[in-house]
Amino acid sequence: MNIVVFTGAGVSAESGLGTFRDADGLWEKYRIEDVCTHEAWLRNPELCVSFYNARRRETLAAKPNAAHEAITRLQRHFPGTRIITQNIDDLHERAGSTDVVHLHGEITKLRGQRSETDTVPLEGWEQHYGDRHPDGTLLRPYIVFFGEGVPYFEEACRITSKADLLIVVGTSLNVYPAASLLHYTNDNCKIIVVDPGEPAMGDYRNRVVHVKEKASTGVPSVVDALIRENQ
Ligand code: APR
């Protein structure tokens, strides 16, 4: 069975990392226009760098939760299971998951001004503004800012189009093109959504099995049922 797991900030909420649009979400505390758009980077790069330094420090202090661990169990039981995430944290990888497609970048890496994907690793939490990429340009967070291209979106669509089962965890499905991944499922693909809230499932609502639970309980129960049914 070809399984794809598509995650958003909700899968890391119980690891202590804030979501974006919930009541106390990140975008309640910071303006996207100040720290997460291409114009913001051009206007005030140092503010962007310090915003992501703070995110990075939180990420390094966080630990994978039972949902990340269950997704790793799923990947081990069903070889070929792919994970596509909108998250910039590395909690999937730290839970032992592999081959994770990060649509919106990775907080543990930096990039230059030329290539969207030629990254360099960052040791520790702090990027020093002014350091340069091997290509000579200024280093910046390896984050897809609003208004920028999503380099791995086509790959994510190709992966999703082959799924027999798409498990969507902890995303409001508000941000495009990532949220449009549901449109790339084939007609036989089953969709399970694990979210205590109401993501914007649009006309997929009638195709979706909605497990209205937090990730740390909902995902393990879905994974354990799948493993039981496919012993
Ligand atoms: N378990 C599961 N889901 C949860 C939990 C939880 N414990 N807590 C909250 N959620 C759900 C919310 O109900 C909501 O549907 O997680 C989702 C969080 O939605 P957003 O905050 O919009 O996060 P996300 O969908 O990942 O945002 C997408 O927007 O700002 C950009 O680049 C950023 O990747 C991000 C993108």
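Refer to the structure presented above.
The following paragraphs examine the structure supplied in this document. A quick note: this is a predicted structure, and the numbers were derived from the prediction, not measured.

So, the pattern of salt bridges
Pairing is possible between side chains of opposite charge, provided their charged atoms come close.
Link 1 in the chain: Applying the stated criterion to the full structure yields eleven salt bridges.
Link 2 in the chain: The shortest N-O distance in the salt bridge between Glu33 and Arg31 comes to 3.6 Å.
Link 3 in the chain: Judged by its relative accessible area of 41%, Glu33 is partly exposed.
Link 4 in the chain: Notably, a salt bridge pairs Arg55 with Glu58, separated by 3.1 Å at the nearest N-O pair. With Arg55 and Glu58 both in helix 5 (residues 45-61) and three residues apart, the pair spans about one turn of that helix.
Link 5 in the chain: Taking relative accessible area as the criterion, Glu58 reaches 37% and is therefore assigned partly exposed.
Link 6 in the chain: Salt bridges sharing partners connect three or more residues here, namely Arg31, Glu33, Asp34 and Arg43.

Observations concerning the site of the ligand
Link 1 in the chain: The full set close to the ligand counts 22 residues, and Phe20, Arg21, Thr171, Ser172 and Asp195 are the nearest of them.
Link 2 in the chain: Interatomic distance of 3.0 Å between a side-chain N/O atom of Glu14 and a nitrogen atom of the ligand.
Link 3 in the chain: Here Asp195 contributes a side-chain N or O atom positioned 2.6 Å from an oxygen atom of the ligand.
Link 4 in the chain: Within the complex, the protein chains bury 93% of what would otherwise be the 730 Å² of accessible surface of the ligand.
Link 5 in the chain: Put simply, the ligand lies in the largest pocket.
Link 6 in the chain: Of the residues that constitute the shell around the ligand, the class distribution is eight nonpolar, nine polar and five charged.

Some points on the environment of Leu47
Link 1 in the chain: Relative to the assigned elements, Leu47 resides in helix 5.
Link 2 in the chain: Placed 39 residues apart in sequence, Leu47 and Gly8 show a C-alpha to C-alpha distance of 24 Å.
Link 3 in the chain: Discounting residues that sit within four places of it in the chain, Leu47 has contacts with Asp34 and Val35.

As for the packing of aromatic side chains
Link 1 in the chain: Counted by the stated rule, this structure contains six aromatic pairs.
Link 2 in the chain: Ring centres of Tyr52 and Phe145 lie 6.1 Å apart, and the angle between their planes is 40 degrees; on these two criteria the pair is classed as tilted. Placement of Tyr52 in helix 5 and of Phe145 in the loop between strand 6 (140-143) and helix 8 (153-161) is noted, with a sequence separation of 93 residues between them. Each member of the pair, Tyr52 as well as Phe145, carries the same accessibility label: buried.
Link 3 in the chain: One aromatic cluster is present, built from ring pairs that chain together Tyr30, Trp41, Phe51, Tyr52, Tyr129 and Phe145.
Link 4 in the chain: Directly above the ring of Trp41 sits Arg140, whose terminal nitrogen or CZ lies 6.0 Å from the centroid.

Some thoughts on the sheet that holds strand 7 (residues 165-169)
Link 1 in the chain: Spatially, 3-2-1-7-8-9 is the arrangement adopted by the six strands of the open sheet, whose pairing is parallel. The strands lining the two open edges of the sheet, one partner per strand, are strand 3 (100-102) and strand 9 (208-211). In this sheet, neighbouring strand axes are inclined to one another by 20 degrees on average, regardless of whether the strands run parallel or antiparallel.
Link 2 in the chain: Where strand 8 (residues 190-194) lies against strand 9, four bridges are found, and the strand directions are parallel. Paired with Ile192 across the two strands is Val209, which belongs to strand 9.
Link 3 in the chain: Where helix 8 meets the sheet, its contacts fall on strand 1 (3-7), strand 2 (82-85), strand 3 and strand 7, and the angle it forms with strand 2 comes to roughly 135 degrees.

What counts and what doesn't
Residues numbered from 1 in each chain as written. Predicted model: local features only at pLDDT ≥ 70, side-chain atom pairs only at ≥ 80, totals over all residues. Heavy atoms only, no water. Salt bridge = Lys/Arg side-chain N within 4 Å of Asp/Glu carboxyl O. Buried < 20%, exposed > 50% of the residue type's maximum accessible area, 1.4 Å probe, protein only. Helix = DSSP H or I, 4+ residues; strand = E, 2+ residues; numbered from the N terminus. Near = heavy atom within 4 Å. Polar contact = N/O pair within 3.5 Å; in protein donor to acceptor, adjacent residues only side chain to side chain. Areas by Shrake-Rupley, 256 points an atom, 1.4 Å probe, with all protein chains shown as cover. 1 Å grid on protein atoms, 1.4 Å probe; cavity = no way out; pocket = protein on both sides within 12 Å on 5 of 7 lines; lining within 4 Å. Sits in = over half its atoms within 2 Å of the grid points. Nonpolar A, V, L, I, M, F, W, Y, C, P; charged D, E, K, R; others polar. Contact = heavy atoms within 4.5 Å. Phe/Tyr/Trp six-rings, centres within 6.5 Å; stacked < 30°, edge-to-face > 60°. Lys NZ or Arg CZ within 6 Å of the ring centre and 35° of its normal. Pairing = 2+ DSSP bridges. Axes fitted to C-alpha atoms, helices over the stretch in contact; angles between N-to-C directions.

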